[in-house]
Amino acid sequence: MKICVLVKEVPDAAVEKRMDPNSKRLDRSGEKNLNPFDTHAIEAAMQIREGGAVEIDEIVAVTMGPESAFRALHKAVSLGADRSVHLTDDALAGSDVCATGYALAKVLESESPDLVLLGQQSDDGECYTIGAVVADHLKMPSLTQVIKIDVEDGKLRCERQAEYGYDTVAVALPAVISVGDAINEPRYPSLKAIMGAKKKPLDTKSSGDVGIDSGQVGEGGSKTRVLEVNAPPDKAAGELFEDEDTDETVEKIIAWLDERKLLA
């Protein structure tokens, strides 16, 4: 079995997020890191390999992004991926989720994986839908919010979170699975793995290398447009209760909660 794991470079969680007023896209000029949700997908691939129910030929990390995104791939291979593929091309800049899903699907077509794994969301866009878009282009079954994966007789038995509880679903391969962060606890890469990551194969591809139609990517090929970006409204200052008399303060707090019907 061959597993491809989709990963993404995102702004570091410690960096304040800003929108570029001209492009109306996220300002990505600061520190960046591997999307933390994708580390769960890499760990899921590693656990399938280590589980022994099926032989895994290779685990391939795949990303689409600017030149700097190779650092996210280095992190992915230090976590266990055998090699990585980096789709990068100026023609891809400004792609929305539909165009991005199409482009990633073209890369995956060239890899012919039996299983595609990815995190349930990215730490920046949080659209939750890229897996479904990729699956649609690949004509593969898709599941989201998966928190458990077992391989049984060449199929996957997956448990996924739902609003009403949990679903248990049997999925034929090949398939695209978006995993939730409750599926596992990602391992930390060892120093040896970090140093060895730079020696693992990294294949850089352009749009033309994988047969991407330039009319279906970038701003021109995107199906959505951001028309306006507005900052969230300022929050009103809270009410401060000075604790000079504890009984009186408690009465004030209870009255405040009761007025807003916050008491059961």
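Conventions we followed
Residues numbered from 1 in each chain as written. Predicted model: local features only at pLDDT ≥ 70, side-chain atom pairs only at ≥ 80, totals over all residues. Heavy atoms only, no water. Helix = DSSP H or I, 4+ residues; strand = E, 2+ residues; numbered from the N terminus. Buried < 20%, exposed > 50% of the residue type's maximum accessible area, 1.4 Å probe, protein only. Contact = heavy atoms within 4.5 Å. Lys, Arg positive; Asp, Glu negative; His and termini not counted. Charge placed at Lys NZ, Arg CZ, Asp CG, Glu CD. Axes fitted to C-alpha atoms, helices over the stretch in contact; angles between N-to-C directions. Parallel < 35°, antiparallel > 145°, perpendicular 65-115°, else oblique. Left-handed = near helix turned anticlockwise from the far one by under 90°. Nonpolar A, V, L, I, M, F, W, Y, C, P; charged D, E, K, R; others polar. Core = buried A, V, L, I, M, F, W, Y, C linked by side-chain atoms within 4.5 Å. Salt bridge = Lys/Arg side-chain N within 4 Å of Asp/Glu carboxyl O. Pairing = 2+ DSSP bridges. Patch = residues over 30% accessible without salt bridge, like charges linked within 9 Å, V, L, I, M, F, W, Y side chains within 5 Å. Areas by Shrake-Rupley, 256 points an atom, 1.4 Å probe, with all protein chains shown as cover.

## Remarks on the overall build of the protein chain
Within the protein chain one finds seven helices and 11 strands. With respect to the three principal axes, the spread of C-alpha positions in the protein chain is 70 × 45 × 40 Å. Put simply, the protein chain has 264 residues, and 41% of those count as buried. Restricting the contact set of the protein chain to residue pairs at least 6 apart, pairs at least 24 apart contribute 71%. Between the mean site of the 30 positive side-chain charges and the mean site of the 48 negative ones, the protein chain shows a separation of 7 Å.

## Focus: the packing of helix H3 (residues 97-111) against helix H4 (residues 130-138)
As a packed pair, H3 and H4 sit with axes 8 Å apart at the nearest point and diverge in direction by 50 degrees. Taken together, H3 and H4 sit at an angle that is classed as oblique. The handedness of the crossing between H3 and H4 comes out as right-handed. Contacts from Val-97, Cys-98, Thr-100, Gly-101, Tyr-102, Leu-104, Ala-105, Leu-108 and Glu-109 of H3 reach H4 at Ile-130, Val-133, Val-134, His-137 and Leu-138. Partitioning the contact of H3 with H4 into residue classes produces 10 nonpolar, three polar and one charged.

## Things to note about the nonpolar core
Considering soluble globular proteins, one finds that nonpolar side chains tend to be buried as a cluster. Of all hydrophobic cores here, the largest spans 34 residues; its most connected members are Ile-3, Val-5, Leu-117, Ile-149 and Ile-177. Mapped by element, the contributors of at least two residues to this core are strand E1 (2-6), helix H1 (36-51), strand E4 (58-64), helix H2 (70-78), strand E6 (115-119), strand E7 (142-152), strand E8 (155-162) and strand E10 (175-179). Not counting the four nearest positions on each side in its chain, Ile-3 is found in contact with Ala-45, Ile-48, Ile-56, Glu-58, Ile-59, Val-60, Leu-115 and Leu-117. Of all hydrophobic cores here, the second largest spans 25 residues; its members include Val-62, Met-64, Ala-103 and Ile-212.

## A closer look at the pattern of salt bridges
In a structure, side chains of opposite charge can pair up when their charged atoms sit close to one another. Counting across every chain of the model gives 14 salt bridges. The partner of Lys-252 in a salt bridge is Glu-248, and the shortest N-O contact between them spans 3.7 Å. You can see Lys-252 and its partner Glu-248 sitting in helix H7 (residues 246-259), four residues apart, about one turn around the helix. According to the relative accessible area criterion, Glu-248 is partly exposed, its value standing at 41%. For Arg-260, the salt bridge is made with Glu-259, and the minimal N-O distance between the two is 3.7 Å.

## A word on the sheet that holds E6
Backbone-to-backbone hydrogen bonds join strands into a sheet, with any given pair of strands oriented parallel or antiparallel. Here we have nine strands laid out as an open sheet, ordered E9-E8-E7-E10-E6-E1-E4-E5-E11, and mixed in their pairing. Among the strands making up the open sheet, the edge pair consists of strand E9 (165-172) and strand E11 (202-205). This sheet shows a mean twist of 30 degrees between the axes of neighbouring strands, independent of strand direction. Strand direction decides the pairing type here: E1 and E4, joined by five bridges, are parallel. From the neighbouring strand, Val-5 faces E4, where its bridge partner is Ala-61.

## Some remarks on a negative patch on the surface
Together, Glu-242, Asp-243, Glu-244, Asp-245, Asp-247 and Glu-251 give the surface a local cluster of negative charge. As for its position among the elements, Asp-247 is in helix H7. A relative accessible area of 58% means that Asp-247 is categorised as exposed.

## Digging into unusual backbone geometry
Here the residue pair Leu-173 and Pro-174 is connected by a cis peptide bond, since its omega of 0 degrees sits within 30 degrees of zero. Of note, Pro-174 is situated in the loop between E9 and E10. One non-glycine residue, Ser-112, lies in positive phi territory at about 50 degrees. Assignment of secondary structure puts Ser-112 in the loop between H3 and E6. For Ser-112, a relative accessible area of 52% gives the class exposed. With a phi angle near 55 degrees, Lys-261 is a residue other than glycine that sits in the positive phi range. The residue Lys-261 is located in the segment after H7 in this model.

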